[in-house]
Amino acid sequence: MASERFAPLRREVTRLHQLSDLANEAASLELSLLWELSRHRRLSGHPDLDARLIRTLMGGRGHLTADYAERTVRLPGRGRGRLIWLSSMVETKILDSQIFGAISRAHVEGHAAEAKPVKAVDEAVRLLGEGRVLLLMPGQPPALALAARGYEHRQVGDPQKETSMRGSREAFVEDLATNVSLVRRRVLDPRLRVEPFVLGEFRATEVRLLWIQGLTHDPLVNEMRRRLRSIRLPQILDVRYIEELAADDPYTIFPTALFTERPDTVAAALNEGRLAVLVEGSPDALVLPVTFWSFLQAADDYYSSYWIASFLRLLRIGLALLALVFPALYIAVIVFHPEMLPGILAFYLARTRVSVPFPAVVEAFLMELAFETLREAGTHLPPKLSTSLSVVGALVIGQAVVSSGLVSWPMVVVVSVTAIANFALPSWEMATSVRLLRFALMVLAALFGVPGVLVGLALILGHLCGLRSLGIPYLAPLAPLTPHGLGDTLLRLPHWVPGRRPRLLEPYWKVEVPRGQRPHPPAGAGTFHSPR
Amino acid sequence: MGGEPEPGKRWRGRLGPLLLALAVPFLAGGCWDRVEIIDRGFIAAAAVDAVPGGYRLTVQLVLPQSLPSPGGGGAGGGGAGGGPSVAVLSATGATLAEAASRMDEQVASRLFWGQTRLLIVGQALARRGIGEVVDFLVRNRESRLRTDLLVARGEAAPLMAVAPPYRDIPADNIYQELRKNLAPRLRAFEAAIRLREAGRGFLMPALAVTRPGPSPASPSTGAERRVTLPANPALDGAGVFVGGKLVGWLDGRLTRGALWLEGLGSGGTITLPYRGRPLSVLVERAQVRRRVLLAGERPSVRVDIEVDDTIQEVHEGELDPGRPELLRQLGESLAREIRGRALAALAATRRMGADVYDFGRLFAGRQPAYWRRVYTRWPQIFRSLPVEIRVRAVVRSPGRLVESLQLPR
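Residues numbered from 1 in each chain as written. Chains lettered and ligands numbered in written order. Predicted model: local features only at pLDDT ≥ 70, side-chain atom pairs only at ≥ 80, totals over all residues.

Looking at the overall build of chain B
A count of helices and strands for chain B gives 12 helices and 13 strands. Per-residue burial over chain B gives 36% buried out of 409 residues. Within chain B, counting contacts between residues at least 6 apart in sequence, those at least 24 apart form 74% of the total. (Helix = DSSP H or I, 4+ residues; strand = E, 2+ residues; numbered from the N terminus. Buried ≥ 20, exposed ≤ 12 C-beta atoms within 10 Å, placed from the backbone. Contact = placed C-beta atoms within 7 Å.)

Here you go:
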């Protein structure tokens, strides 16, 4: 009964819905057409006309974005202008006190640090979206983009991913301007160049290329510029987008640029003649060119005693190798070459495996995958739950699986030692590469034994030898060998050691550590107390 | 940099070398060599005897599941507690390989020679020659060439069944004894090298079972548990081989003497009379320089032995390190003792015509022309080869005590 009575009404609602969908579609079409037209179109110089165009682009009738704000202002001597801003991106205090104040005093150009003349429509809209206040004026220039940005962003805090005992405790944040200032405060050189790029087709993103003029080899800068300009992605949310499009070898598993959240690392890299890329919205900087060794170096190396720093560097190389081959070698030796083990060890390893129902390879993969699962689960869990995860993980893997005889103790030891060695690598990117290659080597070990592992290592080494980062050989200064570059590669020599370091970018590297700096006690002085 | 090559082109250029590289492990060894470690039957030690119509192979096969488990926890009920963790298997065959493959049929696991540390040859077989044994061992791809060869005084098989409780793997016991460096060790690869040369002499450690009786009960309380010391295969001198055949034996003392001539005397204790009482010294370091001389057609050898030692035990009498002439006297009598032992060993091996000291190799290196003329007659020449032995012994330290505790008043 009721359904019959309401049927016409329902039909009417459906028809209206369809109509509004159509209208929506038409509006979207109209808008994209407008966007296309507005590209490279100049502002007319008539504030009312321009304002209407911009308002249409920001959604127009019915769809105007809610934080859109527009006021008509009187410009002394120039007639009426329009002030447009997005309320979500603008600090109202600045707007009130400075911009309106400046307009009333006819000091618009000189009111603030940033008053950028704007000519193109699309640029005006982009700047509006970035949090500028647009002042549309009659005549030339047709508009000024005024800085009144005010929005919440994270404060500069401790490095979370690259912690260190000593040294700076500041890390990049998501705000580009803050990040540039963090770097500049550490470089303090007028030759520091901060070159702006606007990348991203759909969502234009501010990108900064940093280098020190006169120090960085010009062809490197040109090459990087070329690569940045050739990027045509719809959006750029992180430096990773840049790294993937600017890599020398797009298929390599190894990182060819260094990601760092530490401004001091970026400053040091700039002083070594490298380039850095900062992206709005990304709390990481991209440093390149880099070599393989850059990923085994930590900021702490330069802030702690060179003895321990050198030791740690050698240790890290060993650990990288260990993380790469340990499970593979274990499988190969257990399954193919038990004669390589010291006798008693072979017998005891056999003893631990008596109850294990799987071949060693399956066992190793089970453990590795279980560990990867735990790790992946851990990264996605809120910190409050991660303790319960580790408890479950330790119980499941460490206790239940072993005591039920599904997995042998030595395999647990191998997998855990490998995991810890992997965690000891300072670079997350290098650690993940090693982590993946480990599985490839395990497959090779399972199929071919030690020869398989060796061939796998040879292939990796061959690949590394051929790899380049912004044209610089990846294994430099070891291959090709430049002996004086080694002072900051395998070891970390004291800061007073004279000579040019590093020689990676020779012959363009021009900063030398002067001779005669090695400290020593004052000559002839045996005691501070002078004899009476 | 530069123009980006087509993706297809990139891969075509790299695929060739990649496949080539992967072919290497395929050829070097592949899945077909894969044997899980629990499916391997580790042979810890093997004994070979001659039987009519072939050989008898007796081995100690490791039983991993009966090894004691570390920490007590873990799966499988832990260790059986005490008892050796090996099974003794035996098989015969016309060749060693046949015996080995028959033995393989007896057990579920695949016999594996890669961890075999000892191979004991029975006396009868040793007299016939050890060529076949070494051939089998060295030809086998699995075996490590570092397996120690020993010769049994008597049959070898019973030695496999003796299990002193000191180690989980009985053979390990003998191996540790060998490692203490007081025996003329002979590894499989060394034996193979020596066998290639006709008439070459060498020593091989000899093994015999010692059966000490029960320990004397403590006289104070008769109720104490009497401990029966287990039977133990122990090193007992060395067998002397010429051309791969056992030609005679050296007892422990003569073996040590022979080792002096090869510079392997350090680590041992020597006891000598000192003022009518025994005094022991520990040889810390022994250096040997051996020179061959050829006057016309008359070869001779000079052996210089330098010994540093420490006093280990002084019974009674005066020992005053403040009087260097006493230490010098001690050194001189030590040198006499060492020289006497070396000469006795030399005399014994001379009688057998066995140049176990490789003096022949010295001539081959220093006087190749002479060696080419005489090497076929070398055993005869060795019987009358003049060997000059000079020993210089220096007492470096009186030990922790300086003077004798019981100085005569």
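Remarks on the overall build of chain A
The helix and strand tally for chain A stands at 17 helices and 12 strands. Here the C-alpha atoms of chain A give a radius of gyration of 31 Å, more than 25% beyond the 24 Å that 2.2 N^0.38 yields for 532 residues. Dimensions of chain A, computed from the C-alpha atoms along their principal axes, are close to 105 × 95 × 50 Å. Classification of the 532 residues of chain A by burial places 35% in the buried group. (Rg over C-alpha atoms; globule rule 2.2 N^0.38 Å.)

A short note on helix H8 (residues 252-261) of chain B
Residue pairs spaced three or four apart in an α-helix point in one direction, given the helix's 3.6 residues per turn. Residues and elements named next belong to chain B. Burial runs high along H8: 8 of the 10 residues are buried. Listing the buried residues of H8 in full gives Leu254, Thr255, Arg256, Gly257, Ala258, Leu259, Trp260 and Leu261. At its buried positions, H8 is contacted by strand S7 (201-210), strand S8 (232-242), strand S9 (245-250), strand S12 (298-314) and helix H9 (324-352). Positioned one or two residues after H8, Gly263 has a phi angle of 80 degrees, which is positive.

Concerning the sheet that holds strand S10 (residues 285-288) of chain A
Residues and elements named next belong to chain A. Pairing in this open sheet of 5 strands is antiparallel, and the strands run S6-S7-S9-S10-S8 from one edge to the other. Among the strands making up the open sheet, the edge pair consists of strand S6 (192-199) and strand S8 (258-260). For this sheet the average axis-to-axis angle between neighbouring strands, irrespective of direction, equals 25 degrees. Examined bridge by bridge, S8 and S10 share 3 bridges and lie antiparallel to one another. Following the sheet pairing, Leu258 is matched in S10 by Val287. Helix H9 (residues 263-271) rests against strand S7 (205-212), S8, strand S9 (275-279) and S10 of the sheet, and its axis sits at about 50 degrees to S7. (Pairing = 2+ DSSP bridges. Axes fitted to C-alpha atoms, helices over the stretch in contact; angles between N-to-C directions.)

Describing the interface of chain B and chain A
Each partner contributes residues to the interface: chain B has 34 residues there, and chain A has 31 residues. If you list the elements that add at least two residues to the side of chain B that touches chain A, you get helix H1 (7-28) and strand S1 (40-51) of chain B. At 6 residues, H1 of chain B tops the list of elements feeding residues into the side of chain B that touches chain A.

A look at the nonpolar core
Ranked by size, the top nonpolar core spans 190 residues in total, and within it Ala276, Val277 and Ile331 of chain A together with Val48, Ile120 and Val121 of chain B carry the most contacts. Residue contributions to this core peak at 14 residues, all from helix H11 (residues 306-335) of chain A. Those residues in contact with Ile331 of chain A, other than ones at most four positions away along the chain, are Ala360, Val361, Ala364, Met442, Ala445 and Ala446 of chain A. Leu53, Ile84, Leu95 and Val125 of chain A belong to the second largest nonpolar core, which has 28 residues in total. (Core = buried A, V, L, I, M, F, W, Y, C linked by C-beta atoms within 7 Å.)

Considering the domain arrangement of chain A
Residue and element names in this part refer to chain A. Under the domain assignment used here, chain A contains domain 1 (35-147), domain 2 (176-290) and domain 3 (305-473). A straight line from the C-alpha centre of domain 2 to that of domain 3 covers 34 Å. Taken together, the contacts link 15 residues of domain 2 with 12 residues of domain 3. Ranked by residues supplied to the side of domain 2 that touches domain 3, first place goes to helix H7 (residues 218-229) with 3 residues. Across the side of domain 2 that touches domain 3, the residue classes break down as 10 nonpolar, 2 polar and 3 charged. (Domains from an automatic or database assignment. Nonpolar A, V, L, I, M, F, W, Y, C, P; charged D, E, K, R; others polar.)

Looking at the pairing of S1 of chain B
Residues and elements named next belong to chain B. Burial analysis of S1 places 11 of its 12 residues in the buried class, the great majority of the element. In this structure, S1 lies alongside strand S4 (residues 110-112), joined through 3 bridges in parallel fashion. Residue pairing in the sheet places Phe42 in a bridge with Phe112 of S4. Of the pairings in the sheet, the one linking S1 to strand S2 (residues 54-62) comprises 8 bridges and is antiparallel in character.

Notes on the pairing of S8 of chain B
Residue and element names in this part refer to chain B. The element S8 is largely enclosed, with a buried count of 8 among its 11 residues. Direction of pairing for S7 relative to S8: antiparallel, over a ladder of 9 bridges. Residue pairing across strands places Pro205 opposite Ala238, the latter belonging to S8. In this antiparallel pair of consecutive strands, S8 and S9, the connection spans 2 residues, and Gly243 shows a positive phi of 55 degrees.

Re the domain arrangement of chain B
Residue and element names in this part refer to chain B. Along its sequence, chain B is carved into domain 1 (38-67 + 83-212 + 226-250) and domain 2 (251-409). Computed over C-alpha atoms only, the centres of domain 1 and domain 2 are separated by 31 Å. Taken together, the 17 residues of domain 1 in the interface contact 18 residues of domain 2. Where the side of domain 1 that touches domain 2 is concerned, the elements lending two or more residues are S7, S8 and S9. Per element, the largest residue contribution to the side of domain 1 that touches domain 2 is 6 residues, and it comes from S8. Residue composition of the side of domain 1 that touches domain 2, grouped by class: 11 nonpolar, 5 polar and 1 charged.

As for unusual backbone geometry
Across residues other than glycine, the phi torsion is negative in most instances, and most of the peptide bonds are trans. In this structure, the amide linkage connecting Ala476 of chain A to the following residue, Pro477 of chain A, adopts the cis form with an omega of 0 degrees. With an omega dihedral of 5 degrees, the bond running from Ala479 of chain A to Pro480 of chain A counts as a cis peptide bond. Locating Pro480 of chain A in the fold gives a position in the segment after strand S12 (472-473). We note that Leu188 of chain A has phi near 50 degrees; this positive angle belongs to a residue other than glycine. On the basis of neighbour counts, which here come to 8 C-beta atoms within 10 Å, the residue Leu188 of chain A falls in the exposed class. Although it is not a glycine, Asp358 of chain B adopts a positive phi angle of roughly 60 degrees.

Remarks on the sheet that holds strand S4 (residues 132-136) of chain A
All names here are of chain A. On the basis of which strands lie adjacent, the open sheet formed by 5 strands has the order S1-S2-S4-S5-S3 and antiparallel pairing. Both outer strands of the open sheet, strand S1 (68-75) and strand S3 (115-118), are each paired with one neighbouring strand and no more. Neighbour to neighbour, the strand axes of the sheet diverge by 25 degrees on average, direction disregarded. Together, S1, strand S2 (79-86), S4 and strand S5 (143-147) form the strand contacts of helix H2 (residues 47-57), whose direction differs from that of S2 by roughly 15 degrees. Across the sheet, helix H5 (residues 121-129) is in contact with S2, S3, S4 and S5; its angle to S4 comes to roughly 140 degrees.

Let's talk about the packing of H11 of chain A against helix H15 (residues 409-423) of chain A
Each pair of packed helices gets described by two things: the angle between the helix axes and the distance between those axes. Residue and element names in this part refer to chain A. Packing of H11 against H15 leaves a shortest axis separation of 8 Å and a crossing angle of 160 degrees. One finds that H11 runs roughly antiparallel with respect to H15. Handedness of the crossing formed by H11 with H15: left-handed. Contact residues: Leu319, Leu322, Ala323, Phe326, Pro327 and Tyr330 in H11; Val414, Val415, Val417, Thr418, Ala421 and Asn422 in H15. Residue classes in the contact of H11 with H15 are distributed as 10 nonpolar, 2 polar and no charged. (Parallel < 35°, antiparallel > 145°, perpendicular 65-115°, else oblique. Left-handed = near helix turned anticlockwise from the far one by under 90°.)

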